[in-house]
Amino acid sequence: MRNITIKQLRYVDAAGRLNSFASAASECNISQTSIATAVDSLEKEIGFDLFRRTPSKGLQVTQSGREALDRINRLLESAKQFEVDIKSISGRHSGMVKVACCSTAATTFLPTILNSFVKTHPDAEVKTIEGNMEEVVQHLNNGNADFAFTFEELSEPHHCFSPLIRTRPFALVPASWEIAEQCDVSLQELAQYPTVLLDLPSSHTYIHKMFETRGLDLNIAHRTTSTDLIRSLVVSKFGFSILNLRRPAAEEAQVGYALLPIRDAVPDRVFGLMSHENVKKPPIVEAFTSICQNIARTEDFTQLILETRFPPRA
């Protein structure tokens, strides 16, 4: 194995994870030929095929290849940790933190975290992986991410959950609706209007249950997985919507909808940072955790919850 480099093993690992020379080349920012050469060189060195090449199906990992790729992955993780440990001798943490984040919440709180993290750890890199609440947990479980930002109710027994903010649901209603002038709104009042539903698995269940426990039905006019589209549809008077996290106050005050606290006793949701329990993390990953917890303690995240309503503006 003296002729195989760490760089080549990274190319092989990428091909194995993505089942494609083209995708691996894109991720590694090199040519497909370089990926294929690295795979061919390793296969020649070890004496068996890592992949079956099928034109219609791309790369398919062989049984022996799967075992080899598992060992390659462990070696690359050890090499990454070695690099971090060596650099930490200078007193500066470096390396990469991989964060899985729900796309509906990323734009609201992630910039605050990243700004603080980059200032204190300029040598570090953060890679974000977006998805819905369930998908980000899956990325964590599959080892694609060090952390997942999601709600506490999705936590599993093998997870460690660090709360960042307790969120209470609120209603977005068009500024021209009569109820937009109220200080708050009841679910009974909202049920009389059409709904623009945030159609993500956990959110869908959470919102439906909120109304069903009171014997109320939702008149769903539109479904979408995008909070940006929700705001546009509410502004266009297609209906109201229910969210848990808001944009910064200055942004919310400049648009054609009102944010109304819900008068009923509705369940809060705890949003936070999820990781694997009893897993030793690299220093840079621990540093990222500390940044998040420090921001939560200073209450910088409170700007993301609704405590008072903004006057509607047409």
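Scoring rules and cut-offs
- Residues numbered from 1 in each chain as written.
- Predicted model: local features only at pLDDT ≥ 70, side-chain atom pairs only at ≥ 80, totals over all residues.
- Heavy atoms only, no water.
- Helix = DSSP H or I, 4+ residues; strand = E, 2+ residues; numbered from the N terminus.
- Buried < 20%, exposed > 50% of the residue type's maximum accessible area, 1.4 Å probe, protein only.
- Contact = heavy atoms within 4.5 Å.
- Pairing = 2+ DSSP bridges.
- Axes fitted to C-alpha atoms, helices over the stretch in contact; angles between N-to-C directions.
- Salt bridge = Lys/Arg side-chain N within 4 Å of Asp/Glu carboxyl O.

1. Overview of the overall build of the chain
Thought 1: Each helix and strand counted, the chain has 11 helices and 12 strands in total.
Thought 2: Within the span of the chain, comprising 314 residues, buried residues form 45% of the whole.
Thought 3: Relative to all contacts within the chain whose residues are 6 or more apart in sequence, the contacts with residues 24 or more apart total 72%.

2. Brief notes about the sheet that holds strand 5 (residues 147–151)
Thought 1: Pairing in this open sheet of five strands is mixed, and the strands run 4-3-5-12-6 from one edge to the other. Every other strand in the sheet has two partners, leaving strand 4 (124–131) and strand 6 (159–167) as the edge strands with one partner each. Adjacent strand axes in the sheet meet at a mean angle of 25° when their direction is disregarded.
Thought 2: Pairing of strand 3 (residues 95–102) with strand 4 involves eight bridges; the strand directions are parallel. Within strand 4, the position partnered with Ala100 by the bridge is Ile129.
Thought 3: Here helix 6 (residues 133–141) sits on the sheet in contact with strand 3, strand 4, strand 5, strand 6 and strand 12 (269–276), set at roughly 150° to strand 5.

3. What about the sheet that holds strand 10 (residues 241–243)?
Thought 1: Within the open sheet, the three strands sit side by side as 10-7-11. Their pairing is antiparallel. Only two strands of the sheet have a single partner each, and these edge strands are strand 10 and strand 11 (257–261). Between one strand axis and the next, the sheet turns through 30° on average, direction left out of account.
Thought 2: Sheet analysis places strand 7 (residues 170–174) next to strand 10, joined by three bridges and oriented antiparallel. In the strand pairing of strand 10, Leu172 is matched with Ser241.
Thought 3: Across the sheet, helix 9 (residues 227–235) touches strand 7, strand 10 and strand 11, and the angle it forms with strand 10 is around 145°.

4. As for the pattern of salt bridges
Thought 1: Overall, the coordinates contain nine salt bridges when judged by the stated rule.
Thought 2: Arg53 is paired through a salt bridge with Glu43; the nearest N and O atoms lie 2.9 Å apart. Note that Arg53 is positioned in strand 1 (residues 51–54) and Glu43 in helix 3 (residues 32–46), a separation of 10 residues in sequence.
Thought 3: On the basis of relative accessibility, which here comes to 38%, the residue Arg53 falls in the partly exposed class.
Thought 4: The exposure class assigned to Glu43 is buried, which follows from its relative accessible area of 8%.
Thought 5: As a salt-bridge pair, Arg214 and Asp264 come within 3.5 Å of each other at their nearest N and O atoms. Residue Arg214 is located in the loop between helix 8 (201–212) and strand 9 (219–224), and its partner Asp264 is located in the loop between strand 11 and strand 12; the two are separated by 50 residues in the primary sequence.
Thought 6: Classification of Arg214 as partly exposed rests on a relative accessible area of 32%.

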